[in-house]
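What follows is the residue order along each chain.
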Amino acid sequence: MKVVTIIGARPQFIKSGAVSRSFIEYNQTNPKESISEVIVHTGQHYDSNMSDVFFEQMNIPKPAYQLDINGLGHGAMTGQMLEEIEKVLLIEKPDWVMVYGDTNSTLAGALAASKLHIKLAHIEAGLRSFNMRMPEEVNRILTDRVSSVLFCPTDSAISNLEKEGYNDLDIAIVKNGDVMMDASLMFSAFAKAPQEEIPSNFILTTVHRAENTDDPERLKNIFKALNTISQETPVVLPLHPRTKSFIEKYDIQLGSNLHCIDPVGYVEMLYLLKNCSLVLTDSGGLQKEAYFFKKYCLTLRDETEWVELIDNGFNKLVGADFETIMAAFKNAHSQSPDFSLDLYGNGEASKKIIEGLLKHK
Ligand code: UDP
């Protein structure tokens with residue numbers, strides 16, 4: 001069996017790191033029925049600290065194809081990726097195309113596979129924010145619809161698909177758990193402090209969603225809150241390149257106790273997650289990782305796809321309003337939810353993907 005994996009953005013490298021490792025383990029125990037994985041890197045994220053570092057740290061096999069498509073608007077980026085991925089698929093003739101999450105690389109891979117009638121597996125399927133202004137929401141809805149098998153991380157993802165009528169479609173739905181849980185279990189023991197000096201008892205923050213960075217009011221409010229919070233508790237912020245350029249564009253001042261550092265690798269991120277006292281983020285992945293590492297999380301968005309975190313009191317949506325963020329921050333110290341719940345599976349999500357691909361081939 002041959003699988004072409006399409007990846008291009010940081011969270012996809014991390015997720016595929018777990019799944020590629022499971023392919024390698026499967027092949028070691030099943031040498032006669034081995035699965036060959038051909039990795040295509042679209043180039044959406046290309047800085048070494050947004051891309052190479054994950055291949056090195058997670059031992060992800062070297063991509064067979066580097067498309068180097070980046071720095072373009074949504075249309076040009078998705079269109080060029082579609083064109084180039086189609087060429088790869090015509091050469092490779094795989095049994096499966098596998099795509100992750102909700103980026104332009106995901107959608108381009110999905111369209112290329114479906115137009116060539118190649119079976120498509122979508123990892124992290126069924127998630128919805130119900131906000132059609134998010135490019136990610138459009139990408140995930142369209143990708144789900146042209147998939148052959150949908151690997152869903154949560155019950156809410158399954159229920160979203162049911163509500164959209166997927167039970168009447170010829171698309172297999174598998175609840176496999178969360179591959180990010182697999183990655184955190186696989187790599188937790190390798191957690192390593194970043195090169196920069198990290199203060200003790202700090203809050204870990206990331207900000208990069210377009211709805212926050214591209215809106216000057218929201219970004220200014222968020223940084224006003226981070227500056228204010230950092231006067232009480234140091235804040236560590238590995239800064240996404242996109243956010244960095246908007247901070248400069250909007251001339252946002254950064255307080256001295258707000259430690260902005262370059263984006264870090266995955267093992268450094270695991271160190272920060274293990275050692276922080278609270279997470280404040282607009283990242284999808286980090287909301288879950290906060291939960292994996294038993295840290296309360298404030299989410300700088302108006303909605304989330306990870307609703308079970310909200311429903312069970314592990315996470316609170318605070319949007320980008322200064323007063324709301326500050327009120328939730330003051331309240332965060334008194335939150336002690338029961339982290340023993342099993343929301344995202346037990347680290348077997350990647351193995352279940354392989355089982356699913358074999359079952360539905
Ligand atoms: N991450 C990382 N280094 C950083 C910031 C984030 O390794 O400097 C990891 C983080 O731990 C998580 C993933 O990147 O596993 C989340 O990616 P991102 O926030 O870019 O995307 P999203 O999850 O929102 O799609």
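We now turn to the structure provided with this report.

Definitions and limits used
Residues numbered from 1 in each chain as written. Predicted model: local features only at pLDDT ≥ 70, side-chain atom pairs only at ≥ 80, totals over all residues. Heavy atoms only, no water. Pairing = 2+ DSSP bridges. Helix = DSSP H or I, 4+ residues; strand = E, 2+ residues; numbered from the N terminus. Axes fitted to C-alpha atoms, helices over the stretch in contact; angles between N-to-C directions. Contact = heavy atoms within 4.5 Å. Buried < 20%, exposed > 50% of the residue type's maximum accessible area, 1.4 Å probe, protein only. Arc of directions from axis to C-beta.

**What to know about the sheet that holds strand β10 (residues 258-261)**
Move 1: The sheet built from six strands is open, its strands ordered β10-β9-β8-β11-β12-β13 with parallel pairing. If you trace the sheet from one side to the other, it starts and ends with β10 and β13 (315-317), each paired once. Direction aside, neighbouring strands of the sheet carry axes that sit 20° apart on average.
Move 2: Bridge analysis of strand β8 (residues 203-206) against strand β9 (residues 235-238) gives two bridges, and the strand direction is parallel. Its bridge partner lying in β9, Ile-203 is registered against Val-235.
Move 3: The strands that helix α9 (residues 216-232) touches are β8, β9, β10 and β11 (278-281); relative to β9, the one it contacts most, it runs at about 140°.
Move 4: Contacts from helix α12 (residues 284-292) reach β8, β11, β12 (297-299) and β13 within the one sheet, and its direction differs from that of β11 by about 170°.

**Topic: the sheet that holds strand β2 (residues 36-41)**
Move 1: Strand order in the open sheet formed by seven strands is β3-β2-β1-β4-β5-β6-β7, and the pairing between neighbours is parallel. At either end of the open sheet lies a strand with only one pairing partner, and these are β3 (65-66) and β7 (172-175).
Move 2: Of the pairings in the sheet, the one linking strand β1 (residues 2-7) to β2 comprises six bridges and is parallel in character. Its bridge partner lying in β2, Ile-7 is registered against His-41.
Move 3: Sheet strands in contact with helix α5 (residues 135-145) are β4 (96-100), β5 (119-123) and β6 (149-152), and its direction is about 140° off that of β5.

**Describing α5**
Move 1: Glu-136, Glu-137, Asn-139, Arg-140, Thr-143 and Asp-144 are the residues of α5 that are buried. The arc enclosing the buried residues of α5, seen along the axis, measures out at 165°, which places them on a common side.

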